[in-house]
Each structure stands twice: as C-alpha cells, then as structure tokens.
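Structural features, examined
Spelled out, the chains give:
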Amino acid sequence: MIKAIALDMDGTLLDPHHEIGEELIHLLTSFREKGVRLFLATGRTLKEVNDVLPDALVPDGIVGGNGMVIEANNQLLTEHEVEADLVNLLADKCRNLGLYYEIHPSEGTRFAYEKDKEILREEVDFPEDTTVEEHEAKSRKEAVKSKIQWIHTYQEAKILKIYFFSKSQDKIKQWKKHLEELKQDYQFSTSSSSQHNVEVMAGGVNKGTGVQQLLDYYEIDSEHLIAVGDANNDLPLLRLAGIPAVMKNGSDEVKEEINNITDYSNEENGLYHFLTQYKQD
C-alpha cells in the first residue's frame, strides 16, 4: 500500500521550463486527498522551491539542499550548515582552478565574490559542442545574469551548500578528486546531479537521510514509499524507497542500479504517466 511519494524536482517533477503541468498537479493532489503524503526532495533551497512551486500543489514535507534542510507542515525540523572556514577555503581553491561556484545561505540570495565575476561569466559561455544539459546551461546563465548577489567580503550566514560547476568535465573531475582528498581534514558530504557539477554539504546528509526523517515524522515505513528521480544525487533516496523509479531522461549510472524506468521523460509528462498506475480509487 502506498503511503508516501517522494519526488526530485529538476528533471522529474519539473518540465524543461521548470513548470508543473495541471494534469500532474491534479494527480498529486488526488493522492494527498487519499491520505498519501507528498514529499519533495531536491537540491534546491527552500526559497528556490517556493520560487517554482505553484500554490495549487502543497507538499507534506520538503527536503532541500540535498538533505541540508527538512521541513514538514511548514515547520522547520532540521537545518544543517557548512562550516564557514570550509566555505572560504573552497572559494579560494576553486578560484585558482577557474571554477564556477555559488554559495547558498539558508535565507536570502545565493552569492559569490565580486572578484570572481569574470570567472563565472567565462564558465557560462558555452561552446557549440557542449555536453552540458540545456536546463543546466540555462540555469547557470540566469544565475550569473540576475540571481547571484556579488559580494566583496564574506557574509556571516548559515550556509546550506556550495554549488560548483564547470563546462569542462575534466575540470570538474579534478575538483571532485580534490574534494575527496579534503575529506581527510574536514567533515562534509558531496553530491552531483550531472557530469558537470558537484555540491558540498554538511557531513552525513543526503536526500535519503532527509526523507527518512520525514517518514519517521509521519510514522511511515519506507516499504510504503514511492520515490522518483533522475540523477546521481537521487540514489540515496531511491535506495530507501520500496518502489524506486528513474525518469526516462535520467542518467545512465542511475539506470544501471535502478531498473524501474519511466516510459516517458519529464518533457513528455513522464511522472504523470508513471504515477497514474498507482492511483487509488
């Protein structure tokens, strides 16, 4: 019996235009009316979730920042943070590599240093043969243009995550290797949603740990959970669920582990078609 549904957002719940179709909203609402809890598990901060979530869709819980913040019934349950010393260290080190980054606080706008503005602009100037997914390229361009706050000195704030990106897969692989080496001296977790990015968060957290906290809050066993995602950062969540599924547009690595794949992509309303089979009359 299905008692909860946990959904990734970008690439799963959201279409390529970062919207949710009316048909899908109606279906998810009908699940909630039958007593099924709806959870969102995303790399987005709570602010970024609310930026795209329509008023008609009301989740029972949100796991934001890949597990860094957990909210249920509009109440904050848990909020982790990345150490300030680590934030500044990583900003300095990625600057030397010419790497794109965004620092995401628990409240307010993501930020980066003014002196790194040209580095970030260079990383969102994409060649014709880029392997960056269209939605990721669009999001990075929009961030540099209007969503990043450019600062001169470090802001004292609770940091949920640091997002790193490069149009060069080799450069981001080098950075991921360096991050693994740094874990010998610092406690933090990493998560990637594509071959071009990696995020740094507090140690021991991910989408799976966040959703497990929501399941405990609502006293639901994970065997009664449907979870759907599309990227590597969804794997901890998918491993938790009694019924895991990967979007047709999902990464090959996730599909290799989770063999339940939707028939349609997020561009084809794939989540709606997949969940319809579990609708309770």
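Residues numbered from 1 in each chain as written. Predicted model: local features only at pLDDT ≥ 70, side-chain atom pairs only at ≥ 80, totals over all residues. Heavy atoms only, no water.

1. A short note on the environment of Arg44
Here Arg44 shows up in the loop between β2 (37–41) and α2 (46–52). Residues Arg44 and Gln184, 140 residues apart in the sequence, show an inter-C-alpha distance of 27 Å. In this structure, Arg44 is in contact with Met9, Asp10, Leu14, His18, Val49, Val52, Gly64, Gly65 and Lys161, ignoring residues within four places of it in sequence. Within the structure, Arg44 has its side chain in polar contact with the side chain of Asp10 (distance 2.7 Å). (Helix = DSSP H or I, 4+ residues; strand = E, 2+ residues; numbered from the N terminus. Contact = heavy atoms within 4.5 Å. Polar contact = N/O pair within 3.5 Å; in protein donor to acceptor, adjacent residues only side chain to side chain.)

2. Structural notes on the pairing of strand β11 (residues 197–202)
Counting buried positions along β11 gives six out of six residues, so the element sits mostly inside the fold. By the bridge criterion, four bridges tie strand β9 (residues 159–165) to β11 in an arrangement that is antiparallel. Across the sheet, residue Phe165 finds its bridge partner in β11, namely Asn197. Judged from the four bridges that link them, strand β10 (residues 188–191) and β11 form a sheet pairing that is antiparallel. Note on β11: the bridge partner recorded for Phe188 is Ala202. Linkage of β10 to β11, two consecutive antiparallel strands, is achieved through a turn of five residues. (Buried < 20%, exposed > 50% of the residue type's maximum accessible area, 1.4 Å probe, protein only. Pairing = 2+ DSSP bridges.)

3. A short note on helix α7 (residues 207–218)
Its twelve residues place the ends of α7 17 Å apart at the C-alpha level, agreeing with the 16 Å of an ideal helix rising 1.5 Å per residue. Those residues of α7 not exposed but buried are Lys207, Gly208, Gly210, Val211, Leu214, Leu215 and Tyr218. Down the axis of α7, the buried set is contained in an arc of 160 degrees. They therefore lie on one face. N-cap assignment for α7: the residue whose side-chain oxygen lies 2.8 Å from the backbone N of Gly208 is Asn206. (Expected span 1.5 Å × (residues − 1). Arc of directions from axis to C-beta.)

4. Section: helix α5 (residues 134–147)
If you check α5, its first and last C-alpha atoms are 18 Å apart, about what 14 residues at 1.5 Å a residue would give, namely 20 Å. Every buried residue of α5 is listed here: Glu136, Ala137, Ser139, Arg140, Ala143 and Val144. Down the axis of α5, the smallest arc covering the buried residues is 165 degrees, so these residues share one side. Every exposed residue of α5 that faces more than 90 degrees away from the buried side is listed here: Glu134, Lys145 and Ser146.

5. Concerning the pairing of β9
For β9, a buried count of seven out of seven residues is recorded, marking the element as mostly surrounded by other parts of the structure. As defined by bridge partners, strand β6 (residues 100–105) adjoins β9 across six bridges and the pair is classed as antiparallel. If you follow His104 over to β9, its bridge partner there is Lys161.

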